[in-house]
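What follows is the residue order along each chain.
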Amino acid sequence: MDTDAVLVERTLLSNDQQAFSRLVLRHQLVVRSMLTRCCRRDRHAIDDLVQETFLRAYLSLSTFRSEAKFSTWLYRIAFNLVADKFRRKSLDYCDLDSIQGFADNCKLLSQSDLRGDLAKAMDNISEPQKIAVRLCLEEGYTHADAAIAMNLPLGTVKSHVSRGRAQLQQLLIHWGEVA
């Protein structure tokens, strides 16, 4: 089974409509479920929002940065549509608490993606940098304490933290400022 990234690539490079159809089939139930929680009353409005979500996704597929999950990007499109409709009051029956819950779901998905991307990025820095970054930035060790724990000179630990952080920021640039 092709991954979302492969299907996106096929859609973009070959204009493969079947690839995009598979993306729609794969994600439509979750998108519909999320939209239904926000706007319970009008099934036709929900159908329209689902359709508009995928239409916007298709039209802006070239802006998708494959560093994040396709599903997160797609859910953000759906959320933006609901929020826009709510602001315009065309869906005045929307449940504001559900919209906030939907936003929270998008945020959790995004945080989950960030954790996954961070783990991948950590695999791309040297082992001493990884240990120094974990000790100083995750565990809260001072540079001096990390130097003792790692049995390295203080300057070396500071260098490992600085270089590791710089590499992580480069690897995670699509997420914005990192630690």
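Residues numbered from 1 in each chain as written. Predicted model: local features only at pLDDT ≥ 70, side-chain atom pairs only at ≥ 80, totals over all residues. Heavy atoms only, no water.

So, about the nonpolar core. Counting residues in each nonpolar core, the largest one holds 24 residues, and the members touching the most others are Phe-20, Val-31, Leu-35, Phe-54, Phe-70 and Trp-73. When contributions to this core are tallied by element, the ones reaching two or more residues are helix 1 (4-14), helix 2 (17-38), helix 3 (43-59) and helix 4 (70-87). Element by element, the count of residues in this core is highest for helix 4, at 8 residues. The contacts of Phe-20, once residues within four sequence positions are left out, are Thr-11, Phe-54, Ala-57, Tyr-58 and Leu-61. Counting residues in each nonpolar core, the second largest holds 8 residues, with Cys-136, Ala-146, Met-150 and Val-157 among its members. (Core = buried A, V, L, I, M, F, W, Y, C linked by side-chain atoms within 4.5 Å. Buried < 20%, exposed > 50% of the residue type's maximum accessible area, 1.4 Å probe, protein only. Helix = DSSP H or I, 4+ residues; strand = E, 2+ residues; numbered from the N terminus. Contact = heavy atoms within 4.5 Å.)

We now examine the packing of helix 6 (residues 127-138) against helix 7 (residues 143-150). As a packed pair, helix 6 and helix 7 sit with axes 10 Å apart at the nearest point and diverge in direction by 135°. Here helix 6 is positioned oblique relative to helix 7, judged by the angle of their axes. For the element pair helix 6 and helix 7, the recorded crossing hand is right-handed. Where helix 6 abuts helix 7, its residues Pro-128, Ile-131, Ala-132, Leu-135 and Cys-136 lie against His-143, Ala-146, Ala-149 and Met-150. For the contact of helix 6 with helix 7, a count of residues per class yields 8 nonpolar, 1 polar and no charged. (Axes fitted to C-alpha atoms, helices over the stretch in contact; angles between N-to-C directions. Parallel < 35°, antiparallel > 145°, perpendicular 65-115°, else oblique. Left-handed = near helix turned anticlockwise from the far one by under 90°. Nonpolar A, V, L, I, M, F, W, Y, C, P; charged D, E, K, R; others polar.)

For Asn-15, which is not a glycine, the phi torsion comes out positive at approximately 50°. Along the chain, Asn-15 turns up in the loop between helix 1 and helix 2.

Our next topic: helix 1. Within the sequence span of helix 1, burial applies to Asp-4, Leu-7, Val-8 and Thr-11. One side of helix 1 carries all its buried residues, which in axial view fall inside an arc of 100°. Of the residues in helix 1, the exposed ones pointing more than 90 degrees away from the buried face are Leu-13 and Ser-14. Just past helix 1, the residue Asn-15 takes up positive phi, approximately 50°. (Arc of directions from axis to C-beta.)

Moving on, we get to helix 6. Residues three or four positions apart in an α-helix share a direction because the helix packs 3.6 residues into each turn. Over its 12 residues, helix 6 runs 15 Å from end to end, which matches the ideal 16 Å to within 8%, given 1.5 Å per residue. Those residues of helix 6 lying buried are Gln-129, Lys-130, Ala-132, Val-133, Leu-135 and Cys-136. Phi turns positive one or two residues past the end of helix 6, at Gly-140, with a value near 85°. (Expected span 1.5 Å × (residues − 1).)

Further remarks concern the packing of helix 6 against helix 8 (residues 154-171). When two helices pack together, their arrangement is captured by the angle between the axes and the distance separating the axes. Two elements in contact, helix 6 and helix 8, have axes separated by 8 Å at closest approach and are oriented at 95°. Taken as axis vectors, helix 6 and helix 8 run roughly perpendicular relative to one another. Every residue of helix 8 that contacts helix 6 at Pro-128, Gln-129, Ala-132, Val-133, Cys-136 and Leu-137 is listed here: Val-157, His-160, Val-161, Arg-163, Gly-164, Arg-165, Gln-167 and Leu-168.

With that settled, consider the pattern of salt bridges. Going through the model one piece at a time under the given rule, you end up with 8 salt bridges. A salt bridge links Arg-26 to Asp-4, with the nearest nitrogen and oxygen atoms 2.6 Å apart. Of this pair, Arg-26 sits in helix 2 while Asp-4 sits in helix 1, placing them 22 residues apart in sequence. In this structure, Arg-32 engages Asp-47 in a salt bridge whose closest nitrogen and oxygen atoms are separated by 2.5 Å. Of the two residues, Arg-32 is situated in helix 2 and Asp-47 in helix 3; the sequence distance between them amounts to 15 residues. Its relative accessible area of 31% is what places Arg-32 among the partly exposed residues. Residues joined by salt bridges that share partners form a network here, namely Asp-2, Arg-10, Asp-16 and Arg-22. (Salt bridge = Lys/Arg side-chain N within 4 Å of Asp/Glu carboxyl O.)

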